[in-house]
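Observations on the three-dimensional arrangement
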Amino acid sequence: MLTQALLLGLIAGIGILDSRLFGVLMLERPLVLGALVGLVLGDFKTGIIIGAQLELIWMGIAGIGSSTPPDVVTGGVLGTAFAILSGKGPEVALALAVPIAVLAQSLGVLVRVVNTYFIHKADSYAKSADFKKVTLMIWIPVALFFLSVFIPTFLAVLLGAETVTNLINSVPKVILEGMTIAGNLLPAIGFALLIDMLISKKMAVFFFVGFLAASYSSLDVMAIALIGVCMAIILNFIMNDSNHLTKKKDEPDNLTEGEINFD
Amino acid sequence: MTEEKKLRKKDLRSVFWRSFALQGAFNYERMQNLGFCYTMIPVIKRLYEKQEDQSLALKRHLEIFNTTPVVSPTIAGITAAMEEQNANNKDFDTSSINAVKTALMGPLAGIGDSLFWGTLRIIAAGIGISLAVQGNIIGPLLFLLLYNIPNILVRFFGLKYGYSVGVNSLERIQKEGLMDKIMAVATTVGLVVVGAMVATMLKVTTPLKFNVNGAEVVIQDILDQILPNILPLTLTFIVFWMLRKKFSISKLTIGIIFFGIIIHWIGIL
């Protein structure tokens with residue numbers, strides 16, 4: 001268990017460093033971390049499946065700007081790990097991952113507050129143009145971020161696995177089934193967040209193009225995405241270009257409002 | 001006349017690698033400032049010899065900075081070009097460096113967020129998830145590839161052109177309206193994919209049945225005849241409406257978990 005706890009802590013560490021050190025390569029996403037957790041715990045397939053389900057739930061959650069989102073790294077790694085260790089599958093992952101992510105978020109906030117201290121130190125090292133010390137001031141926060149997920153994950157797996165398994169086993173069946181239903185509903189939040197970010201009055205129709213294409217045909221997401229790309233290029237580059245000569249310069253693009261000149 | 005100072009390829013390569021650590025010391029006071037300063041260190045070292053000038057440059061880049069990581073190399077490239085001018089020209093207005101940085105970080109973050117975070121990530125995740133739900137390892141791998149190939153390309157060429165063409169490049173793109181078009185394409189595809197995902201990945205069905213004069217009426221069949229996936233669609237728009245009404249994400253999450261358990265217990269879902 002010690003080795004597994006160490007490795008899982010390391011996976012969480014890689015996850016948190018993705019945004020810190022690796023320029024957000026999406027290694028932090030549950031879809032990737034879930035597979036890694038599965039690999040460490042010897043159940044690769046379940047890990048991938050749970051990762052996909054957590055990704056659906058958390059897809060819309062973003063750290064845009066200065067806001068701190070729920071910690072999907074610790075939540076995702078621990079949720080997947082406990083689900084595999086207890087042998088209960090995806091519904092348990094979700095029941096655990098969501099609250100853990102909210103709890104773990106506070107540690108991330110703490111690190112971001114503490115980092116201010118190192119920023120001020122960097123200011124004073126900049127005065128004497130001490131490049132080495134300024135550089136050191138970025139590496140200490142990186143280490144803090146790493147520890148802020150490594151320690152909780154390591155300890156939770158090492159000390160908590162049995163307790164959590166017992167806890168899960170004591171939950172009535174109807175509640176666990178209800179959790180599965182809830183898990184199926186939760187991605188709606190992610191989708192709603194994405195719609196909130198993308199939608200405007202004249203663009204809303206494209207949501208329904210995708211929805212109806214998927215509902216009435218057997219096309220998969222990949223196919224619909226590619227058709228969407230073609231459609232968007234036709235609308236924005238081809239039809240709009242023929243419009244170019246007649247359009248006044250400062251006029252905003254109002255493609256979907258029927259001002260197209262078919263000359 | 002002193003020798004003209006010029007950045008070398010090696011310096012820019014170093015800037016490229018360092019730019020990945022942009023958020024290493026993320027903090028609430030000045031966000032990514034230390035990360036950006038760290039990115040610029042090779043430039044500062046090459047261009048300025050006097051300790052006084054180095055110190056000023058370090059301080060300059062410790063000012064507040066916040067953008068979306070994928071566009072930070074572009075800004076670093078433009079900034080490097082301006083630092084180079086500053087090092088060679090005594091009359092150069094030094095304050096314009098930070099003015100340009102500040103002017104760029106907002107709009108570029110907007111573009112980067114909607115192109116990468118809002119669209120590319122969703123398309124990549126949508127395709128990845130559709131394979132991963134069956135336990136297929138191609139799912140996570142395809143997700144990483146689809147996202148990161150454009151991600152790395154934009155980082156690399158953004159830095160390169162940001163440095164060689166400078167601020168003018170962005171003005172030109174803006175004037176030709178190319179950026180607006182790319183944004184419109186991204187938003188369109190993003191919405192189409194989200195629509196498709198609501199239909200395929202949100203599993204909401206009801207087991208409700210009624211007996212009318214001995215004939216069994218399955219509610220789900222009736223709903224499917226009206227509009228397939230009408231329940232997922234309705235649910236998504238209810239949540240969307242609640243988001244617009246400023247319900248917090250945590251409240252919505254907890255609310256949906258309880259709603260799911262209760263509604264299953266009653267037998268509606």
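I will try to describe carefully the structure that is included in this document. Computed from a prediction, not measured in an experiment: that's the story for all the values here. (Residues numbered from 1 in each chain as written. Chains lettered and ligands numbered in written order. Predicted model: local features only at pLDDT ≥ 70, side-chain atom pairs only at ≥ 80, totals over all residues.)

Thoughts on the overall build of chain A
Tallying secondary structure elements over chain A gives 10 helices and 0 strands in all. Each helix (α) and strand (β) of chain A, taken in turn from the N terminus, gives the series α-α-α-α-α-α-α-α-α-α. Out of the 263 residues belonging to chain A, those deemed buried represent 48%. Long-range contacts, defined here as pairs at least 24 residues apart, represent 65% of the contacts in chain A between residues at least 6 apart. (Helix = DSSP H or I, 4+ residues; strand = E, 2+ residues; numbered from the N terminus. Buried ≥ 20, exposed ≤ 12 C-beta atoms within 10 Å, placed from the backbone. Contact = placed C-beta atoms within 7 Å.)

A closer look at the interface of chain B and chain A
Listed by partner, the interface residues are 92 residues for chain B and 90 residues for chain A. Counting residues per element, the ones that place at least two in the side of chain B that touches chain A are α2 (33-47), α3 (51-60), α5 (95-132), α6 (138-165), α8 (178-201), α10 (230-244) and α11 (249-266) of chain B. The greatest single-element share of the side of chain B that touches chain A, amounting to 19 residues, is contributed by α8 of chain B. Within the side of chain B that touches chain A, the residues separate by chemical class into 54 nonpolar, 29 polar and 9 charged. (Nonpolar A, V, L, I, M, F, W, Y, C, P; charged D, E, K, R; others polar.)

Comments concerning the nonpolar core
Counting residues in each nonpolar core, the largest one holds 158 residues, and the members touching the most others are V193 and V194 of chain B. Looking at which element gives the most residues to this core, the answer is α5 of chain B, with 16 residues. (Core = buried A, V, L, I, M, F, W, Y, C linked by C-beta atoms within 7 Å.)

Let's talk about helix α3 (residues 44-58) of chain A
For α3 of chain A, spanning 15 residues, the distance from its first C-alpha to its last is 21 Å, which sits close to the expected 21 Å at 1.5 Å a residue. Most of α3 of chain A is tucked away, with 13 of its 15 residues classed as buried. (Expected span 1.5 Å × (residues − 1).)

Quick look at the pairing of strand β1 (residues 209-212) of chain B
In terms of strand pairing, β1 of chain B meets strand β2 (residues 215-218) of chain B through 4 bridges, oriented antiparallel. Bridge pairing links F210 of chain B to V217 of chain B in β2 of chain B. (Pairing = 2+ DSSP bridges.)

A short note on the packing of helix α1 (residues 9-18) of chain B against α6 of chain B
Residue and element names in this part refer to chain B. Running from amino to carboxyl end, α1 crosses α6 at an angle of 135°, the nearest separation of the two axes being 10 Å. One way to sum up the angle between α1 and α6 is to call them oblique. Helix-helix and strand crossings are classified by hand; for α1 and α6 the assignment is right-handed. Taken together, the residues of α6 that come into contact with α1 (itself represented by L12, V15 and F16) are F156, L159 and Y163. When the residues that make up the contact of α1 with α6 are grouped by side-chain class, the tally is 6 nonpolar, no polar and no charged. (Axes fitted to C-alpha atoms, helices over the stretch in contact; angles between N-to-C directions. Parallel < 35°, antiparallel > 145°, perpendicular 65-115°, else oblique. Left-handed = near helix turned anticlockwise from the far one by under 90°.)

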